[in-house]
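Below are the chains, spelled out letter by letter.
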Amino acid sequence: MAKLVYAFGKGKGEGNARMKDLLGGKGANLAEMTNLGIPVPPGFTISTRACNAYSERGQRFPEELASQVERALGRLETLQGKRFGDEADPLLVSVRSGAKFSMPGMMDTILNLGLNDRSTDGLARASGDRRFAFDAYRRFLSMYGSVVLGIDKAEFESQLDAAKERRGVAADTDLDVSDLERLVGQFQSTIRARSGKSFPQKPHEQLWGAIAAVFRSWGNDRARRYRREYGIPDHLGTAANVQSMVYGNLGDDCATGVAFTRNPATGENVLYGEYLVNAQGEDVVAGTRTPQPISRSQKTDATQVTLEERMPKAYAELQTIRRTLEKHYKDMQDIEFTIERGRLYLLQTRTGKRTGLAALHIAFDLHAARVIPQREVLRRVDPDMLVQLLAPVFDPAELSRARSDGRVVARGLPAGPGAASGTIAFSAERAEALAHDGRRVLLVRTETSPEDIGGMVAAVGILTSRGGMTSHAAVVARGMGKPCVVGAESIRVAEHDGHLVAGSTTLREGDALSIDGTTGEVILGPLDPHPSEIQQILVEKTKRPARSKLYRRFSKLMRLADQVRRMRVRTNADTPEDARVARAFGAEGIGLCRTEHMFFAEDRISVVREMILADDDAQRARALERLLPMQRADFIGIFKAMNGLPVTIRLLDPPLHEFLPTRPEQFRRIAAEMGVTAAALEAKARQLHETNPMLGHRGCRLGVTFPAIYEMQARAIFEAAVHCRRERVRVLPEVMIPLVGTVEEFRVLAARVRSVADEVLGTARGRLRYLVGTMIEVPRACLVADSIAAEAEFFSFGTNDLTQMTYGFSRDDVGKFLPQYVAMRLLPSDPFQTLDTVGVGRLVRLCIAEGRGRKSDLKVGVCGEHGGDARSVLFFHDAGADYVSCSPYRVPIARLAAAHGVLTDRGGSGTA
Ligand code: PEP
Ligand code: MG
């Protein structure tokens, strides 16, 4: 019989931390902590296998589960010396979900399970606290009602609010026992009315209902949405943890809290978190009462009372456990704890989510403390986290002006670093709608809940007036790398009325507001976000490296990545300025210079238009002659900026009509310059119109039909190279022909390029190395790669077009259906963002294998957007690419991702 239930308690767990697939993160770590001798309330974990069997069997439990649960429950009763359902002193349990990957707030939890009308009286007597017993019962009823029976949570909440209003109090804790007894009655009536059945009084029935609800919660909308956002597979399932209850709400010697073993925003090595006295765990994360800081060093005002001051013994114990956990897990942990009558219990530990800044500092600090080896430092920083280190900040001078002008209207907790400024939206739906209209939106809420996830994705930053560093808003925003300020208590957010009040100012939707997620400040009006510290040092050169520990560690990380990675990292750059920025970020060449971008410059677009609209070859030649010196100057600028590093220049690619005038006055002006009528010109433009231009007259097809264009570009490239050499600037041009689908296309165009080279270079030919290669963008090119490789000196995958043509999805129109495809899981993610390794990737592997089969040293690069996407970079490493090329600001991400490719090498290249 398959084992589906794993017990933990009394210093021994049947599971361990490596069993996350089976026990979920929570269950695996509860077992591990138990084995480490850390005080954990005993219980058992029902495995993900049971959850998956339950779903597969049409929501029926597997047969063997009942006996295994009953046995585990029996052992738990023995251990605790209490009986489940005992009317005098009942054993009470929590039932919580816990998947392999943590999904904060996304799934459901039921506490105080085992209570019924009689045992609540028993609990009242046993605890000597009738108020506590009825408080526990009303919590249980509302959780059971909403999670298991599917009744809207708001119904219970509004009854609770009404009770508080009747009593004239603000906090739940101010309700007395008679209020709570009345609520229990009301909640039971609601359950009867809404579910058509009485609340189940039998604890076993409650337990099975709760386990089923936890299993079902894996498939709820919130959980699905979260998994989609974070790429967590649907088939994993969740475990259910049944654990005996401990209480943080039995009086003032009780507390409950959440903490990180280091500061998750900055990485500072201090116990960092929040707690509430006389409260249950849900109160801390719900944000309904403002929690207090745990450590003295966290105090931001004198009225706060830290756990360190209030309960020094428990605090000291927590510090010891912090050290034990970090030593054991070798990483920062995120823990939940409860103190019941002075006794500390850990309810959870997991690897803590952190900002990019914290990830960097924690990794280096752990290495300095000899906890992890140097290579592990690399692994500990997720390449995507670097986005946050490069995130914008407010200009210190502007910020200080805003401060002295009194525009800083509130201060909250700095939950997610980075500066954000935008127009206010008070609901997730409005945030999504405004962002859809192209606005930069700041989502402002009293607090966020899992339903707000769409709005959080759409917003540039998030502000809440309630909640702490571990509130939903804080945790989720940090995970997303969004600037976030939480708990800005002095702001009153009336989301339903569509306004907020900050001091004497009232703001409405559409008004501008700014937040600094690094300092916690909330600033009235707009404020421009400025380059990050790293950018200031590397690109603007306005700050010195010596003044920034962050920069020093960032650059050390990059150096480590460079030592490890095999693939090179180039950049996509069309201007000397882009090239300069990219080099500052470590680019080792240009992988794609899109020459058409040069054609759009103001001083030349009209010449380009003349060239396109020319009536005959002579007219076209005249226009091209005028373009030649401009292109040459462009290439000289870029060669100089790259100073000897390889520069891949792509010959003209887009359909010509993209350059055409659209407005009558433009036609008139060009017609006058060309000495023709505007009507004739417009007729010519109509001729160039194509029904499907992306599959039309573009790329190498232009080169074939308008040879003079490519010849002019080739001439400009080689003349620029000669010029640079004369000035002792080393150059390494790589001429790239786009959209090749047949070897014949390549052969004819490459021959023309080489013949221009021969002509321009003349006797200098031998001293100037250059390559002529092709982009691989058309699926056919992958299929005939071996013949193309015989002619081409390099391949560069244009994965944007390759994705477009492999799927048959138009790059420009995909927005109309792709979101729904992703939502329905027809696709795991946007294939234009993260490479489809299964289909497009198969073509890539095939192409590399065939190409290298013909020419073993064939140079292979990637210059589509995927070259800057960390997950895709891992694939290209595996597939054996020589380099990836991406936009300048993604170069550090690609460098680190390429190193991760080596560290997580999955067995080399070339196999499908
Ligand atoms: C590509 O298709 O991947 C590519 C880099 O070219 P472009 O995006 O310019 O079509
Ligand atoms: Mg392309």
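Quick caveat: nothing in here was measured; it's all calculated off a predicted structure.

Quick look at the packing of helix H21 (residues 549–564) against helix H37 (residues 891–903) now. Put simply, H21 and H37 touch, their axes get as near as 8 Å, and they point 45 degrees apart. Classified by the angle their axes make, H21 and H37 are oblique. Crossing of H21 over H37 shows left-handed handedness. Together, Phe-554, Leu-557, Met-558, Ala-561, Asp-562 and Val-564 of H21 and Pro-892, Arg-895, Leu-896, Ala-899, Val-902 and Leu-903 of H37 make up the contact between the two elements. By residue class, the composition of the contact of H21 with H37 is 10 nonpolar, no polar and 2 charged.

Attention now goes to the packing of aromatic side chains. Summed over all chains, the structure comprises 19 aromatic pairs. Each ring, one from Phe-132 and one from Tyr-247, has its centre 4.8 Å from the other, and the planes form 85 degrees; the classification is edge-to-face. With a gap of 115 residues between them, Phe-132 in helix H5 (residues 130–148) and Tyr-247 in the loop between strand E8 (238–244) and strand E9 (255–260) connect regions that are remote in the sequence. Taken as a pair, Phe-132 and Tyr-247 share a single burial class, namely buried. The interplanar angle of 85 degrees and the centroid separation of 5.5 Å between the aromatic rings of Tyr-144 and Phe-199 together place this pair among those described as edge-to-face.

Attention shifts here to the pattern of salt bridges. Where charged atoms from two side chains of opposite charge come close, those side chains can pair. Throughout the structure, instances matching the rule amount to 59 salt bridges. Between Lys-3 and Glu-14 there is a salt bridge; the shortest N-O distance is 3.1 Å. Of the two residues, Lys-3 is situated in the segment before strand E1 (5–9) and Glu-14 in the loop between strand E2 (12–13) and helix H1 (20–35); the sequence distance between them amounts to 11 residues. For Glu-14, a relative accessible area of 34% puts it in the partly exposed group.

In spatial order, the strands read E21-E22-E23; together these 3 strands make up an open sheet with antiparallel pairing. On the outer flanks of this sheet lie strand E21 (491–494) and strand E23 (505–508), each paired with one strand and no other. For this sheet the average axis-to-axis angle between neighbouring strands, irrespective of direction, equals 20 degrees. Two strands pair when backbone bridges link them, and E21 and strand E22 (residues 499–502) are joined in this way by 4 bridges, in the antiparallel orientation. Within E22, the residue paired with Arg-492 across the bridge is Val-501.

Leu-557, Phe-639, Ile-737, Phe-795 and Phe-797 are the most contacted members of the largest nonpolar core, which totals 136 residues. Here this core gets 11 residues from one element, more than from any other, and that element is helix H29 (residues 707–726). Grouped together as the second largest cluster of nonpolar side chains are 60 residues, Leu-92, Val-148, Ala-163 and Ala-213 included.

Conventions used here
- Residues numbered from 1 in each chain as written.
- Chains lettered and ligands numbered in written order.
- Predicted model: local features only at pLDDT ≥ 70, side-chain atom pairs only at ≥ 80, totals over all residues.
- Heavy atoms only, no water.
- Axes fitted to C-alpha atoms, helices over the stretch in contact; angles between N-to-C directions.
- Helix = DSSP H or I, 4+ residues; strand = E, 2+ residues; numbered from the N terminus.
- Parallel < 35°, antiparallel > 145°, perpendicular 65-115°, else oblique.
- Left-handed = near helix turned anticlockwise from the far one by under 90°.
- Contact = heavy atoms within 4.5 Å.
- Nonpolar A, V, L, I, M, F, W, Y, C, P; charged D, E, K, R; others polar.
- Phe/Tyr/Trp six-rings, centres within 6.5 Å; stacked < 30°, edge-to-face > 60°.
- Buried < 20%, exposed > 50% of the residue type's maximum accessible area, 1.4 Å probe, protein only.
- Salt bridge = Lys/Arg side-chain N within 4 Å of Asp/Glu carboxyl O.
- Pairing = 2+ DSSP bridges.
- Core = buried A, V, L, I, M, F, W, Y, C linked by side-chain atoms within 4.5 Å.

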